[in-house]
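Listed below, chain by chain, are the residues.
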Amino acid sequence: MTYTRAMHALELSGLRAGVAGREVLEGIDLLVRSGEVHAVMGPNGSGKSTLANVVMGKPGYTVLGGSATLDGRDLLDMATWQRARAGLFLAPQYPVEVPGVPLGRALDSASDDENALSRLAPGEIEKEAANVGLDASMIGRSLNVDLSGGERKRSETFQLAVLQPRIALLDELDSGLDVDGLKAVARRISAAVGEWGLGVVAITHYQRLLKVLEPDMVHVLVKGRVVASGGPELAREIERSGYAAFTDG
Amino acid sequence: MRQRRAEAWERFAVADLPTEAEEVWRYSGIDTFDLDRFSPRQPVAAGGLSTAISQARLLAGRVGERCALVVTVNGQVAEIEIGTGVPAGSLDVEQASVKQDPDHRLGELATPRDAFGHLHDAFMTESVLLGIRSKARLDAPVVLVHLVGGSSDAEGLRVAAFPHTVIDLGESAGASVVEVLGSLEPSLDGDGGPALVVPVTELLVGDGGELSYANVQVLGSGCVQVGTQASRVGSAASLRSFSVGLGAGYARLRTDSDLVGEGGSTLLLAGYLGTGQQVHDFRTLQDHRAPRTRSELLFKGALSDASRSVYSGLIRIRNQAHGADAFQTNNNLVLSEGARAYSVPNLDIQENDVRCSHASTVGPVDEDQLYYLESRGIRPDAAERLVVAGFFAELAQRSPVPGVGLWMEQEVASVLGLPAPARSLPAPTRAGADGNGEGNG
């Protein structure tokens, strides 16, 4: 398979957002370029999932200030599906069940050529499924219905590999996965970073995902603000000492 | 039945038409119904009959393969055709009139409960009796097509028709039967327009028998249906039933399921789609009269435009029916602001040691599902269509007769502009499989 390499960038600048009248993000700055892996870590309730959903445009969140752009285009002005078509992908923490809608059919509806799957060479779909340990029969089955947490995450990673977004937001991709599953999906995403220059925002509590999917940058999110940014060593420090050092004072 | 018929007219004459003040007619809109617009008759001339039979064949073709075809026109039998593949003696199709009912089988299950019941008994002229011999196995469905309609008579009255079907499945037999209820094509006789149809279907499932049954209602939009489906399921027997409501202006279907033998089970499914000003009105009874009986009901529908649906259901567990399992679920998708769905599930439990549950939902397409699909780059309108198609696909997968599931999906897809049904989903359960079906109940 051949890939087109180009430089893309997701840029958040002073992004503030709230939900149910409460400000959750109090000014986020983040620049993620093609081929970069950024980890966003933080304790429960620090606003990590809100960050992912605000960038993707989930209903119910209100942007209070700042900007979010992809390749200079204003994301906040776009509907969710337009953000996706601009090259953004969100693997949610809890992918919902969509009864009666087969995975393959959803992927085929993801672009106007109605044929996302057939863009791939013959055998490629099965290979992509196998890459993340997803049973290929899942492609014909209803989205996430009766799937375990781990299977859902494998499916998300499979969908990412098929859709080939520019920037992927991974919201706790590691939750629900066993050790083998975690390795498989982390490897696939690492490979995508090399293959087509995927830019990654990996939201996670733990360092275990980052052992395979090595971050270029680690950001610590506390109470809606990035309180520290650094290299991979920051993730190791959090693994050792927790968030106490960042939450005090 | 003969006796009952003699009395029926008198009873009807003294009975008041139902009103919405009665619980079983609540929300139905019956108060605006004018019975005097209709008159019972069979207006199709011999020439028109062959055209009607051709039309019936086209409708029957949508079910897929079949082993026999029965056609009635305004309640009169017009055609009986039994395929050569049916083993001799395994299937018996009779056209019984009230005068020839020595076993008193007609009307045994569907005792009249209101004026329409009396009306049916008074005017029903012929019944189709399908007998399936004990231990017989029919591979393909028997298809019955009931066509109704015709132009108004000299006094401007519309056709009223009273089809009656009895399916008598012998012990340990297995069969699959589909009834299709449609309007005569306009070209046949006048405009084929409004008609009143009061069909009754009785399903007798002998001990150890397995009956797969479906009915598809595709009446013209000017029609009024007041239908009854009554079943009696013997011990260790199973009935899997699927009702599809697509047509008519007002369509009422009463589904009464009696579980009379130990270990018997019923799966009662229905799918309906409302458009325009349509009203779909379902009344159900799951009546557990024997120990360790099981019933599962799943009625699902989508309402668009200014259409309405009513679901009112009762699970009754009688005091000798210990170990019974009963489930009742009604899901409604409300697709436009002017549409309404009423859902009223009820339980009446007179025995301990039973498992019973009911659930109903009424609401628009789930916002989280839409967001998830849109986050993949799917346009909002396409996302909604996918979810609605999926809502029906899930039901279609459980259809006891696969061809009927596909038929419903195709109709719903064409009416709502949905994507054509996906065939990559798992194959439906085989006819004659266990009564619990499969899927994501």
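Before reading further, recall that the structure is shown in the block above.
Residues numbered from 1 in each chain as written. Chains lettered and ligands numbered in written order. Predicted model: local features only at pLDDT ≥ 70, side-chain atom pairs only at ≥ 80, totals over all residues. Heavy atoms only, no water.

(A) The overall build of chain A, seen in detail. Looking only at helices and strands, one finds 9 helices and 12 strands in chain A. For 249 residues, the compact-globule formula gives about 18 Å, and the C-alpha radius of gyration of chain A, at 17 Å, lands near that figure. Judged by the C-alpha coordinates and their principal axes, chain A covers about 55 × 40 × 35 Å. Relative to its full complement of 249 residues, chain A shows a buried share of 56%. Long-range contacts, defined as pairs at least 24 residues apart, comprise 70% of the intrachain contacts of chain A with a sequence gap of at least 6. Accessible surface, chain A: about 10200 Å² in total, of which carbon and sulfur atoms supply 47%. (Helix = DSSP H or I, 4+ residues; strand = E, 2+ residues; numbered from the N terminus. Rg over C-alpha atoms; globule rule 2.2 N^0.38 Å. Buried < 20%, exposed > 50% of the residue type's maximum accessible area, 1.4 Å probe, protein only. Contact = heavy atoms within 4.5 Å. Areas by Shrake-Rupley, 256 points an atom, 1.4 Å probe, with all protein chains shown as cover.)

(B) Seen up close, the sheet that holds strand 18 (residues 294-303) of chain B. Residue and element names in this part refer to chain B. Taken together, 10 strands build an open sheet; the order of strands is 3-2-6-9-12-14-16-18-20-22 and the sheet is mixed. Here the strands that pair on one side only, and so sit at the sheet edges, are strand 3 (76-82) and strand 22 (355-363). Between one strand axis and the next, the sheet turns through 10° on average, direction left out of account. By the bridge criterion, 6 bridges tie strand 2 (residues 68-73) to strand 3 in an arrangement that is antiparallel. Pairing of valine 70 across the sheet is with isoleucine 80, part of strand 3. Where helix 5 (residues 380-396) meets the sheet, its contacts fall on strand 14 (238-245), strand 16 (265-274), strand 18 and strand 20 (325-334), and the angle it forms with strand 18 comes to roughly 155°. Packing against the sheet, helix 6 (residues 402-416) makes contact with strand 9 (174-183), strand 12 (210-218), strand 14 and strand 16, and its axis sits at approximately 20° to strand 14. (Pairing = 2+ DSSP bridges. Axes fitted to C-alpha atoms, helices over the stretch in contact; angles between N-to-C directions.)

(C) Spotlight on the interface of chain B and chain A. Taken together, the contact between chain B and chain A spans 27 residues of the former and 36 residues of the latter. Across the interface of chain B and chain A, roughly 2500 Å² is buried in total on both sides, 61% from carbon and sulfur atoms. If you sort the residues of chain B by the area they bury against chain A, Tyr371(B), Tyr372(B) and Arg376(B) come out on top, with a joint share of 31%. Where chain B meets chain A, there are 2 salt bridges. When the shortest N-O distance is used, the salt bridge between Arg376(B) and Glu156(A) registers 2.8 Å. Elements with a contribution of two residues or more to the side of chain B that touches chain A: helix 4 (367-374) and helix 5 of chain B. Looking at the side of chain B that touches chain A residue by residue, the class counts come to 15 nonpolar, 6 polar and 6 charged. (Buried area = accessible area lost by both parts, 1.4 Å probe. Salt bridge = Lys/Arg side-chain N within 4 Å of Asp/Glu carboxyl O. Nonpolar A, V, L, I, M, F, W, Y, C, P; charged D, E, K, R; others polar.)

(D) Region of the structure containing the pairing of strand 1 (residues 9-19) of chain A. Residues and elements named next belong to chain A. Sheet topology note: the strand 1/strand 2 (residues 22-33) ladder contains 9 bridges and is antiparallel. When the sheet's bridge partners are listed, glutamate 11 is paired in strand 2 with leucine 31. Taken together, strand 1 and the strand that follows it, strand 2, pair antiparallel across an intervening segment of 2 residues, in which alanine 20 is found at a positive phi of about 50°. Bridge analysis of strand 1 against strand 4 (residues 61-70) gives 8 bridges, and the strand direction is antiparallel. Within the sheet, the bridge partner assigned to leucine 10 lies in strand 4 and is leucine 70.

(E) Expanded view of the sheet that holds strand 6 (residues 88-91) of chain A. All names here are of chain A. Read across the sheet, 6 strands follow the order 6-9-10-3-11-12 without closing on themselves; strand pairing throughout is mixed. Each end of this open sheet is capped by a strand with a single partner; those strands are strand 6 and strand 12 (225-230). The average undirected angle you get between the axes of adjacent strands in this sheet is 20°.

(F) Geometry of the pattern of salt bridges. One pass over the full model with this rule turns up 29 salt bridges over all chains. A salt bridge links Glu26(A) to Arg225(A); its shortest N-O distance comes to 3.3 Å. Of this pair, Glu26(A) sits in strand 2 while Arg225(A) sits in strand 12, and the two are 199 residues apart along the sequence. Classification of Glu26(A) by relative accessible area gives partly exposed; the value is 30%. The class for Arg225(A) is partly exposed, based on a relative accessible area of 44%. Two residues, Asp281(B) and Arg283(B), come together in a salt bridge whose shortest N-O distance is 2.7 Å. Judged by relative accessible area, which is 0%, Asp281(B) ranks as buried. Owing to a relative accessible area of 4%, Arg283(B) belongs among the buried residues under this scheme. Here the salt bridges do not stand alone but share partners, grouping Arg294(B), Glu296(B), Asp325(B), Arg355(B) and Arg398(B) into one network.

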